[in-house]
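Coordinates in review
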Amino acid sequence: MEFTRRNILALGSGAFAAASFAGMPAFASKTDDAIAAFTGGASVAEGAIELTAPEIAENGNTVPVSVTAPGAVSIMLLATGNPTPAVATFNFGPMAGARSGATRIRLAKTQDVVAVAKMEDGSFRQAGATVKVTIGGCGG
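Thresholds, definitions, all that
- Residues numbered from 1 in each chain as written.
- Predicted model: local features only at pLDDT ≥ 70, side-chain atom pairs only at ≥ 80, totals over all residues.
- Heavy atoms only, no water.
- Pairing = 2+ DSSP bridges.
- Helix = DSSP H or I, 4+ residues; strand = E, 2+ residues; numbered from the N terminus.
- Axes fitted to C-alpha atoms, helices over the stretch in contact; angles between N-to-C directions.
- Buried < 20%, exposed > 50% of the residue type's maximum accessible area, 1.4 Å probe, protein only.
- Core = buried A, V, L, I, M, F, W, Y, C linked by side-chain atoms within 4.5 Å.

Looking at the sheet that holds strand 4 (residues 63-68)
Taken in spatial order, the 3 strands of this open sheet run 2-4-7, and their pairing is antiparallel. Edge positions in the sheet fall to strand 2 (50-52) and strand 7 (100-105), since each has one partner strand and no second. The mean angle between the axes of side-by-side strands here comes to 15°, regardless of whether they run parallel or antiparallel.

A closer look at the pairing of strand 4
Covered by surrounding structure in strand 4 are V63, V65 and V67 only, the residues P64, S66 and T68 on the alternate face being uncovered. Direction of pairing for strand 2 relative to strand 4: antiparallel, over a ladder of 3 bridges. Bridge pairing in strand 4 places L51 opposite V67. As judged from the 6 bridges shared by strand 4 and strand 7, these two strands associate in the antiparallel manner. Note that in strand 7 the partner of P64 across the bridge is R104.

Thoughts on the nonpolar core
In this structure, L51, I75, L77, L107 and V113 are the most contacted members of the largest nonpolar core, which totals 24 residues. Elements supplying a minimum of two residues to this core: strand 4, strand 5 (72-79), strand 6 (86-91), strand 8 (111-119) and strand 9 (124-133). Residues I35, F38, V114 and V116 belong to the second largest nonpolar core, which totals 8 residues.

The following block contains the structure:
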């Protein structure tokens, strides 16, 4: 079989694409791993935490997010569709008046934003919101 320059380029591009996708871990797996690392593998219940995020974000570069969890020791924010899902962690001391945090995050595409809080009694609580992004902020 005789290979032309075009055939070699097509084969090389196809091999590179296959190798790239085969080695790419799923984002959901990264999010689950981050939550497991934060909770130490403990179960996470819903409720007792309030996550505020816009339903539609015109621009994914600056999406305002706030979270409130009365009685929380620590709160972790995750963006499930980003290459690095862990966005922020807020830690609170015993003298903290309000157990809340607010920040602006960058979202690559329409995705879920999840907040996981470690409570004073050692339990973990979770809340989530879906944010529809019209213009991606992570190179999208």
